[in-house]
Amino acid sequence: MNADTEVSNVVLVTVDSLRADAIGAYDEQRHTPVMDGLAERGAVFERAFANGNWTPFSFPSILASRPVFADSGEIGVDGVPTLAETLAGAGFATGGFNAANGFLTSHWGYDDGFDAFEPFVASVGSSLYSRYLATHPTVEAWLQLAASPIRRIRSRLAGNVDDRPFLDTSRMFDVEHAASAFLEDAEGPFFLWVHYMDTHTPYVPAPRYIREVSSGLIGTHRMLRAHARTGLGWEVGDRTLSDLRTLYQAAARQVDASIGRLLEDLSANGLDDETAVILAGDHGEEFQEHGHLAHYPKLYDELIRVPLIVDVPGAEGRRIDGPVGLEAIPPTVTDLLGVDAPEEWRGASLSAAVTDGDAPADDPVVSVTVRGEEVTAQPIPRSLSDGDLLVSVRDRDWTYIRNVDRETHELYYRPDDPTQQVNRVADGVDNGTADLDAADRDTIADDLADEAERVVDRFRPLVDAHAELLRERGEAAEAAREAGDVDEDLEARLEALGYR
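Note that the coordinates shown come from a computational prediction; the quantities given were computed from them, not determined experimentally. (Residues numbered from 1 in each chain as written. Predicted model: local features only at pLDDT ≥ 70, side-chain atom pairs only at ≥ 80, totals over all residues. Heavy atoms only, no water.)

This next bit is on the overall build of the chain. Helices and strands together make up the secondary structure of the chain, namely 16 helices and 14 strands. Residue burial in the chain is summarised as follows: out of 500 residues, 57% are buried. Long-range pairs, those at least 24 residues apart, make up 71% of the contacts in the chain between residues at least 6 apart in sequence. Surface exposure of the chain reaches about 20,300 Å², of which carbon and sulfur atoms provide 45%. (Helix = DSSP H or I, 4+ residues; strand = E, 2+ residues; numbered from the N terminus. Buried < 20%, exposed > 50% of the residue type's maximum accessible area, 1.4 Å probe, protein only. Contact = heavy atoms within 4.5 Å. Areas by Shrake-Rupley, 256 points an atom, 1.4 Å probe, with all protein chains shown as cover.)

To continue, consider the nonpolar core. Grouped together as the largest cluster of nonpolar side chains are 71 residues, with contacts concentrated most on Phe-45, Phe-191, Trp-193, Leu-308, Val-333 and Leu-389. Excluding anything up to four places from it in sequence, Leu-308 contacts Tyr-26, Ala-43, Val-44, Phe-45, Ala-48, Ile-278, Leu-279, Ala-280, Val-324, Ile-329 and Leu-350. One finds Ala-99, Phe-190, Val-194 and Val-277 within the second-largest nonpolar core, a separate group that totals 53 residues. (Core = buried A, V, L, I, M, F, W, Y, C linked by side-chain atoms within 4.5 Å.)

Of all the seven residues making up strand S11 (residues 365-371), six are buried; the element is thus mostly covered by neighbouring parts of the structure. Relative to strand S12 (residues 388-394), S11 runs antiparallel, the two being bridged by seven bridges. Bridged to Thr-369 within S12 is Leu-390. (Pairing = 2+ DSSP bridges.)

Moving on, we come to the packing of aromatic side chains. For the coordinates displayed, the defined rule picks out 17 aromatic pairs. Judged by centre distance (5.4 Å) and plane angle (75 degrees), the ring pair of Tyr-203 and Tyr-248 falls under edge-to-face. On the criterion of sequence distance, the pair formed by Tyr-203 in the loop between strand S5 (190-196) and helix H8 (207-213) and Tyr-248 in helix H10 (residues 238-268) is long-range, its members being 45 residues apart. Note on accessibility: Tyr-203 and Tyr-248 belong to one class, buried. With a centroid separation of 6.4 Å and an interplanar angle of 35 degrees, the aromatic rings of Tyr-400 and Phe-459 are classed as tilted. In this pair, Tyr-400 sits in strand S13 (residues 398-403) while Phe-459 sits in helix H14 (residues 438-471), placing the two residues 59 residues apart along the sequence. Its relative accessible area of 0% is what places Tyr-400 among the buried residues. Taken together, the aromatic side chains of Phe-59, Tyr-110, Phe-114, Phe-117, Phe-191 and Trp-193 make up a single cluster linked through ring pairs. We note Arg-394 situated over the ring of Phe-49; from NZ or CZ to the ring centre the distance is 5.4 Å. (Phe/Tyr/Trp six-rings, centres within 6.5 Å; stacked < 30°, edge-to-face > 60°. Lys NZ or Arg CZ within 6 Å of the ring centre and 35° of its normal.)

In an α-helix, one full turn covers 3.6 residues, which means residues spaced three or four apart are oriented alike. When helix H1 (residues 33-41) is considered as a whole, its buried residues turn out to be Val-34, Met-35, Asp-36, Gly-37, Leu-38 and Ala-39. Elements in contact with the buried residues of H1: strand S2 (43-49), H10, strand S6 (275-281) and strand S9 (308-311).

Taken in spatial order, the eight strands line up as S4-S3-S5-S1-S6-S9-S2-S10 in an open sheet, and their pairing is mixed. One side of each edge strand has no neighbouring strand; the edge strands of this open sheet are strand S4 (116-118) and strand S10 (318-325). Going from strand to strand, the sheet's axes swing by 15 degrees on average, the running direction of each strand aside. Relative to S5, strand S1 (residues 9-15) runs parallel, the two sharing six bridges. Across the sheet, the residue bridging to Val-11 is Leu-192, located in S5. Of the strands in this sheet, S1 and S5 touch helix H2 (residues 55-64), which is tilted by about 170 degrees from S1. Most of the contacts of H10 go to S5, to which it runs at about 160 degrees, and overall it touches S1, S5 and S6. (Axes fitted to C-alpha atoms, helices over the stretch in contact; angles between N-to-C directions.)

Right, let's talk about the side chain of Thr-94 for a bit. Assignment of secondary structure puts Thr-94 in strand S3 (residues 93-98). Among the polar contacts listed, one links the side chain of Thr-94 to the backbone nitrogen of Asp-115, at a separation of 2.9 Å. Contact partners of Thr-94, with chain neighbours within four places excluded, come to Ala-84, Leu-87, Ala-88, Gly-113, Phe-114, Asp-115, Ala-116, Phe-182 and Phe-191. (Polar contact = N/O pair within 3.5 Å; in protein donor to acceptor, adjacent residues only side chain to side chain.)

Extensive coverage of helix H12 (residues 329-336) is indicated by the burial of seven of its eight residues. Every buried residue of H12 is listed here: Ile-329, Pro-330, Pro-331, Thr-332, Val-333, Thr-334 and Leu-336. Positive backbone phi, at 75 degrees, marks Gly-338, one or two positions downstream of H12.

In this section: the sheet that holds strand S14 (residues 408-413). Adjacent strands of a sheet pair through backbone hydrogen bonds, lying either parallel or antiparallel. Across the sheet, four strands lie side by side as S11-S12-S13-S14; this open sheet has antiparallel pairing. Looking at which strands have only one partner, the edges of the open sheet turn out to be S11 and S14. Within this sheet the neighbouring strands show an average axis-to-axis angle of 15 degrees, counted without direction.

A separate point is the confidence of the model for the chain. Low pLDDT means the predicted atomic positions in that stretch should not be read closely. Overall, the prediction assigns the chain a mean pLDDT of 81, with 75% of residues at 70 or greater. Under a pLDDT of 50 for its full length, residues 124-138 has, in the predicted model, 50 contacts with residues more than four places off or in other chains. Here residues 430-444 scores under 50 on pLDDT; set against residues more than four positions off or in separate chains, the count is nine contacts. (pLDDT = per-residue confidence, 0-100.)

Axis separation between helix H7 (residues 172-185) and H10 bottoms out at 10 Å; the angle between their running directions is 15 degrees. What the angle tells us is that H7 and H10 run roughly parallel. The two elements H7 and H10 cross, and the hand of that crossing is right-handed. Across the interface between the two elements, Met-172, Phe-173, Glu-176, Ala-179, Ser-180 and Leu-183 of H7 pack against Gln-254, Ser-258, Arg-261, Leu-262, Asp-265 and Leu-266 of H10. Its residues assigned to classes, the contact of H7 with H10 shows six nonpolar, three polar and three charged. (Parallel < 35°, antiparallel > 145°, perpendicular 65-115°, else oblique. Left-handed = near helix turned anticlockwise from the far one by under 90°. Nonpolar A, V, L, I, M, F, W, Y, C, P; charged D, E, K, R; others polar.)

Using the criterion set out here, one finds 21 salt bridges in the structure. Where Arg-19 meets Asp-21, a salt bridge forms, and the shortest distance between an N and an O atom there is 2.8 Å. A relative accessible area of 9% places Arg-19 in the buried class. (Salt bridge = Lys/Arg side-chain N within 4 Å of Asp/Glu carboxyl O.)

It is worth spelling out the environment of Thr-419 at this point. With respect to the element layout, Thr-419 can be found in the loop between S14 and H14. Assessed through its relative accessible area of 38%, Thr-419 is described here as partly exposed. Along the backbone, Thr-419 and Glu-289 are 130 residues apart, and their C-alpha atoms lie at a distance of 7.2 Å.

This is how it looks when you write it as structure tokens:
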């Protein structure tokens, strides 16, 4: 690392369900000035991909640089050296604050190595009512959303005009205040992790952020209507889908403002010149690109392509187009801080790309999910035994997705098909040659078919090796599940997240 870019501290900000195109650094039509400022100062990874389609499948890579299921056969990080453990062992103060995602708690090992750790997951009582209202964001947030008109009226009658009736559906302020206190107490080198949940469904942004990202005003009644239709499983038309997208973008702006206050705290404590800031989404969010909402078990770009921005003081701003996976985050952090990475970690550091502009290794990125007989079947899979294993491989241009158990596969060429709608290995695929004469059409079709076959042949061994690695732990995962290791309180918290 260059002497001009040495840092003493790292702040890692992760945002649940944040698509790459939800922020202005990846889509100029979006309004996220704080995150866009980070992007202008730092390194933007154009092709950053999550290693799983939802939090428990993605976070083992983000905080332990390991594939999900690869070690304990479970979805947590027990039994492997985490980023926080590694830095704590090197003398860094560590703080981790999670806005009530039940999959990022001590039960799954995510507190390991943190001096200060708070998941803000509500304690689950013994009554049916308290169990049902276990925690944010789904169950409690839905009720908060439904009651927001009443709270809004009460607030106005009391002479208050703030946005708390909406913002209290999120634990954003709790996380923000905990992070602020951690920074105020910091007396030496530190690692701080903050995880936001506002862009996780249901999206309940404050009205001011709705106004910032849209030309019109979505009132509470339309917010309620949009979420009610999705919650009840009713048909989602163009208007409802548009409202959901607007609410999602407003929630992203809400997070953006909170990140801005976090950066202000860094500056107020005199830490900004020696602190690297990393921003990432843990996975994306679907808005019916492939027929559903939220993040059901699929591996298309709307769920796998995420923002990854690394802002190191003193380093030049740059955009990097090589494919990278989120398993690169832990070794990048340790490299920036001058700490040796554990041998068990799978990712490669991106620090040279960030500080010196060196191209990262052009290695494909592997992602996984598990799918039951129906994509929307409950419970949403948490182990390999819950359905078929799907593995995807991405390079700069191609996406290959294989159902390992059913031996079906899909191949997409993203430059021509960014939303992955045309399966290049499907029979009768339209190769865009209809206007050519028969000889030219046949020649181009043959060339495309040959190229697709070469790509599949190149990616198939990666899929096989990854599937074999995960299958080795499959029996352990099934045994743990049958033993009932997930306690009733935890199950209630996960149910509150919508993962029954």
